[in-house]
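# Descriptive analysis of the structure
Letter by letter, the chains look like this.
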Amino acid sequence: MPTNTPTALNTAPNFHEAGRRFFRDFSPGDEFYEHLIDAHNGLSDEQSEALNARLILLLANHIGDLRVLREALQAARQTD
Amino acid sequence: MGAYVNPIYPYKSPADLMATPPQRKPLIVIGAGPVGLAAAIDARLQGLEVLVLDDDKTVSVGSRAVCYAKRSLEILDRLGIADEACGLGVSWNIGRTFLEEDEVYQFNLVPDAGHKRPGMINLQQYHVEEMLIARALELGADIRWQHKVTAVTPHDAHATLTVETPEGTFDIKADWLVVADGARSPIRRHLGLDIEGRVFQDRFLIADVIMKADYPAERWFWFDPPFHPNQSVLLHKQSNNVWRIDFQLGWDADPEEEKKPEKVIPRLKAMLGDERPFELEWVSIYTFQCRRMTDFRHGRVLFAGDAAHQVSPFGARGANSGFQDADDLMWKLGLVIKGQASEKLLDSYAMDRQFAADENIMNSTRSTDFITPKSRTSKTFRNQVLALAKHHPFARKLVNSGRLSVPSFLTGSVLNTPDAEAFEGNMVPGAPMDDAPVQVNGQDAWLLNQVGKGFQVMLFVDAPLSPDVLAQLANVSLHGGSTPLRAIASPIKPTLLIVVPSPLNIPGMNVIVDTQGLVAKRYDAQPGTTYLLRPDQHVLARWRTLDTDRLQAAMARALGQVGAQA
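Residues numbered from 1 in each chain as written. Chains lettered and ligands numbered in written order. Predicted model: local features only at pLDDT ≥ 70, side-chain atom pairs only at ≥ 80, totals over all residues.

### Digging into the overall build of chain B
- What chain B contains, in helices and strands, is 15 helices and 26 strands.
- Taken over the C-alpha trace, chain B has a radius of gyration of 25 Å; the compact-globule value for 566 residues is 24 Å, and the two agree within 12%.
- In terms of overall dimensions, chain B has C-alpha extents of about 75 × 70 × 45 Å along its principal axes.
- Out of the 566 residues belonging to chain B, those deemed buried represent 48%.
- Sequence-distant contacts in chain B: of pairs separated by 6 or more residues, those separated by 24 or more amount to 72%. (Helix = DSSP H or I, 4+ residues; strand = E, 2+ residues; numbered from the N terminus. Rg over C-alpha atoms; globule rule 2.2 N^0.38 Å. Buried ≥ 20, exposed ≤ 12 C-beta atoms within 10 Å, placed from the backbone. Contact = placed C-beta atoms within 7 Å.)

As structure tokens, this is what we get:
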């Protein structure tokens with residue numbers, strides 16, 4: 001990807017909820033993370049893997065924009 | 001360099017307390033730890049007689065609670081020992097988090113300037129306790145060492161205590177009893193009161209090391225460092241060349257074995273490098289729980305600090321929340337003891353601090369689950385957050401190596417009056433007040449040192465005073481800054497604090513000059529803006545104009561005279 005292309009994928013902190021006020025900037029992200037880990041509670045590793053797959057598919061459809069999804073896939077491939 | 005030697009406080013014969021038994025005291029505090037001592041000092045500052053009973057005769061053995069947050073320092077400032085604590089303690093604002101050898105995330109506890117106190121100081125608990133004891137004694141608190149309370153019998157209007165001393169046992173009554181006897185709380189157990197929550201299956205090693213080192217005064221946290229693979233490590237600088245190093249060991253570690261110097265020293269050498277000389281001051285293995293009592297108030301018996309709630313140590317939310325308990329409790333208890341408020345006000349202590357305890361438990365549980373993942377999936381998520389953090393800002397925000405103690409916004413407190421007008425910023429009803437630099441009588445000063453003296457009304461005016469404001473001031477019959485707002489028909493009348501943008505003399509009034517405009521900015525104030533403040537430096541209510549009817553209604557609510565919340 002040429003460096004001058006504006007990115008479609010938002011990687012700035014973005015967790016929020018309409019109608020709720022968070023006085024500490026880490027709180028909404030921490031809340032999401034807690035929900036994420038809780039969702040896996042009591043599952044086997046295999047069940048967790050399947051849950052993750054379903055979750056990715058749901059969120060990908062919600063986002064819909066293929067440009068964003070391509071960038072997200074690319075960012076996730078990067079491991080260094 | 002040399003290890004700390006615990007002082008021994010003199011035992012005083014209870015002969016006077018045993019004479020004509022059972023005696024009755026207005027206020028007894030069980031436990032001369034940080035929380036009990038803070039409560040005792042606050043009581044003395046209000047002119048209340050207080051008896052403190054402690055089963056030991058010295059301060060904390062080991063450094064234990066070493067991180068004192070900005071809010072605690074503001075409370076200690078009001079109690080009179082913050083300068084001393086900050087002078088001896090190590091101030092810091094920056095925390096760094098490393099994955100293996102790379103820094104992945106950094107936070108600054110106080111990113112904006114204009115606060116008297118730093119984000120945090122590190123100071124051994126024994127030093128803090130020594131300062132609190134000296135202050136409490138200076139103010140006339142009656143502290144009795146080697147006085148172990150073995151039984152408490154609650155009654156409608158008092159509690160009866162049985163106290164064991166080297167000279168025998170006696171009974172004594174307390175109109176009000178504050179229980180601050182620590183996490184194991186013998187009194188809570190004795191009364192059979194529930195405390196429920198979660199036990200974490202992990203063990204940690206604390207080592208206090210005396211050494212000369214030039215690491216900066218910052219909090220350093222490692223995930224999976226080369227010197228302690230697959231586990232976490234935390235480094236803190238304390239006063240007098242003492243360093244706190246905290247190693248995660250895992251649940252299978254044998255605590256007795258791990259405490260042995262021959263096990264601890266190689267761990268330290270691996271971390272510090274072989275060359276650096278150091279001395280081991282204190283070693284402890286700990287596990288922890290996150291839990292709280294269902295109700296902090298049981299009639300005349302009030303629980304505070306670790307006795308009432310416990311958290312994991314990640315975030316320094318133990319002693320810090322305990323100081324906030326004492327801060328919240330004591331103004332309410334003072335009003336009740338003096339007959340200026342109904343004892344119903346104390347229910348708001350339980351509600352405010354239970355809310356805060358839940359928030360502390362929530363944050364410390366989230367940190368713990370991030371630091372010590374409980375499943376393979378959880379660990380994968382944690383490690384991939386850390387991996388993404390190298391490139392992506394959102395992931396840095398998710399890195400949770402401990403969310404450090406900050407006071408709760410008591411937005412749901414029954415004492416608050418909800419906003420009826422629009423305000424920007426964070427100083428909502430229930431907010432712990434933001435500090436700001438000001439001038440008083442031509443001298444540099446701090447906003448928080450001007451408040452915390454009973455209920456106060458902070459009124460922002462323009463300079464020079466507009467006819468409207470002059471009319472308002474006349475309307476509320478002000479007679480001098482320390483004179484209560486007389487027009488308020490309340491048993492307790494708030495005093496008035498006037499905030500002006502540039503020096504202005506208003507004879508007989510408490511005037512503070514907002515030299516940098518930061519008070520107005522942080523409180524979103526315009527001329528006429530009026531804040532009603534709690535004695536513990538929280539916002540109760542705010543309006544765009546000073547209106548005595550609304551102020552009066554807000555005061556009634558603040559004294560617990562209004563049951564249901566609007």
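Right, picking up where we left off after that structure.
### Some remarks on the pairing of strand 26 (residues 539–543) of chain B
Residues and elements named next belong to chain B.
- Most of strand 26 is tucked away: four of the five residues are buried.
- As defined by bridge partners, strand 25 (residues 530–533) adjoins strand 26 across four bridges and the pair is classed as antiparallel. Paired with Y531 across the two strands is R542, which belongs to strand 26.
- Joining the antiparallel neighbours strand 25 and strand 26 is a turn of five residues, in which Q537 adopts a positive phi near 60°. (Pairing = 2+ DSSP bridges.)

### What to know about the nonpolar core
All names here are of chain B.
- Core analysis: the largest hydrophobic core is formed by 122 residues, its most contacted members being A39, L177, L302 and A304.
- Of the residues forming this core, the biggest block, eight residues, is contributed by helix 9 (residues 319–337).
- Three or more residues apiece are contributed to this core by two domains, here domain 1 (15–90 + 122–193 + 292–358) and domain 2 (437–558).
- Excluding anything up to four places from it in sequence, A304 contacts V35, A39, V178, A180, G322, D325, A326 and L329.
- Listed in part, the 29 residues of the second largest apolar core include V209, L249, L386 and L388. (Core = buried A, V, L, I, M, F, W, Y, C linked by C-beta atoms within 7 Å. Domains from an automatic or database assignment.)

### Description of the interface of chain B and chain A
- With 18 residues of chain B at the contact, the number on the chain A side is 17 residues.
- Broken down by secondary-structure element, the contributors of at least two residues to the side of chain B that touches chain A are helix 10 (345–371), helix 11 (376–389) and helix 12 (393–398) of chain B.

### As for the sheet that holds strand 3 (residues 67–69) of chain B
All names here are of chain B.
- Spatial strand order, 3-7-4: three strands in an open sheet with antiparallel pairing. Every other strand in the sheet has two partners, leaving strand 3 and strand 4 (90–92) as the edge strands with one partner each. For this sheet, the mean inter-axis angle between neighbouring strands, taken without regard to orientation, is 30°.
- For strand 3 and strand 7 (residues 120–122), the ladder comprises three bridges, and the chain directions are antiparallel. Paired with Y68 across the strands is I121, a residue of strand 7. (Axes fitted to C-alpha atoms, helices over the stretch in contact; angles between N-to-C directions.)

### Let's talk about the sheet that holds strand 14 (residues 232–237) of chain B
All names here are of chain B.
- Reading across from one edge, 6-5-13-14-15-12-16-19 is the order of the eight strands in this open sheet, with mixed pairing throughout. Across the chains shown, the open sheet's two edge strands, defined by having one partner strand only, are strand 6 (102–108) and strand 19 (309–310).
- Sheet topology note: the strand 12 (residues 195–210)/strand 16 (residues 279–293) ladder contains 13 bridges and is antiparallel. Note that in strand 16 the partner of D208 across the bridge is W282.
- Helix 8 (residues 261–272) contacts strand 12, strand 14, strand 15 (242–248) and strand 16 of the sheet and is inclined by roughly 75° relative to strand 12.

### Looking at helix 5 (residues 125–138) of chain B
All names here are of chain B.
- The end-to-end C-alpha separation of helix 5 is 20 Å, in line with the 20 Å expected for 14 residues at 1.5 Å each.
- Across the 14 residues that make up helix 5, a large majority, eleven, are buried.
- What helix 5 keeps buried is the set Q125, Y126, H127, V128, E129, E130, M131, L132, I133, R135 and A136.
- Along its buried surface, helix 5 packs onto helix 2 (34–45), strand 3, helix 3 (70–79), helix 4 (82–88), strand 8 (142–144) and helix 9. (Expected span 1.5 Å × (residues − 1).)

### Here's the deal with the domain arrangement of chain B
Residues and elements named next belong to chain B.
- When its domains are assigned, chain B resolves into domain 1 (15–90 + 122–193 + 292–358) and domain 2 (437–558).
- Between domain 1 and domain 2, the residue contacts involve eight residues of the former and eight residues of the latter.
- At the level of elements, helix 3 and helix 9 are the ones that each hand at least two residues to the side of domain 1 that touches domain 2.
- With four residues, helix 9 is the single largest residue contributor to the side of domain 1 that touches domain 2.
- Counted by class, the side of domain 1 that touches domain 2 contains two nonpolar, one polar and five charged residues. (Nonpolar A, V, L, I, M, F, W, Y, C, P; charged D, E, K, R; others polar.)

### What to know about the environment of B:N230
All names here are of chain B.
- Following the sequence through the fold, N230 ends up in the loop between strand 13 (219–223) and strand 14.
- N230 gets classed as exposed once you count the C-beta atoms within 10 Å, which come to 10.
- Sequence separation of N230 and E100 is 130 residues, and the distance between their C-alpha atoms is 9.2 Å.

### Regarding the pairing of strand 10 (residues 159–165) of chain B
Residues and elements named next belong to chain B.
- A one-sided burial pattern is seen for strand 10, the buried positions being A159, L161, V163 and T165 and the unburied ones T160, T162 and E164.
- The pairing of strand 9 (residues 148–154) with strand 10 spans six bridges and is antiparallel. Looking across to strand 10, one finds that V149 is bridged to V163.
- Across seven bridges, strand 10 lies against strand 11 (residues 168–179) in antiparallel orientation. For V163, the partnering residue across the bridge sits in strand 11 and is F170.
- Between the end of strand 10 and the start of strand 11, which pair antiparallel, lie two residues.

### Points about unusual backbone geometry
Residues and elements named next belong to chain B.
- Residue P21 is joined to P22 through a cis peptide bond whose omega torsion reads -15°.
- Within the secondary structure, P22 sits in the loop between helix 1 (15–18) and strand 1 (23–30).
- Despite not being glycine, Q146 has its phi angle at roughly 55°, a positive value.
- Along the chain, the position of Q146 falls in the loop between strand 8 and strand 9.

### Focus: the environment of B:R144
All names here are of chain B.
- Along the chain, the position of R144 falls in strand 8.
- Accessibility expressed as a C-beta count within 10 Å gives 19 for R144, which makes it partly exposed.
- Separated by 105 residues in the primary sequence, R144 and L249 have C-alpha atoms spaced 39 Å apart.
- What R144 contacts, discounting residues up to four positions off in sequence, is K12, P14, L51, V52 and L53.

### A look at the packing of helix 3 of chain B against helix 9 of chain B
All names here are of chain B.
- Interhelical geometry of helix 3 versus helix 9 gives an angle of 40° and a closest axis separation of 9 Å. The angle between the axes of helix 3 and helix 9 places the two elements in the oblique class. Considering only the axes of helix 3 and helix 9, their crossing is left-handed. Between helix 3 and helix 9, the residues in contact are R71, S72 and I75 and N320, F323, Q324 and D327, respectively.
- Class assignment for the residues of the contact of helix 3 with helix 9 results in two nonpolar, three polar and two charged. (Parallel < 35°, antiparallel > 145°, perpendicular 65-115°, else oblique. Left-handed = near helix turned anticlockwise from the far one by under 90°.)

### Describing the environment of B:V29
Residue and element names in this part refer to chain B.
- Here V29 is to be found in strand 1.
- It is 4.7 Å that separates the C-alpha atoms of V29 and V52, two residues lying 23 residues apart in sequence.
- Residues contacting V29, with those up to four places away along its chain left out, are G36, A39, A40, V50, V52, V178 and A180.

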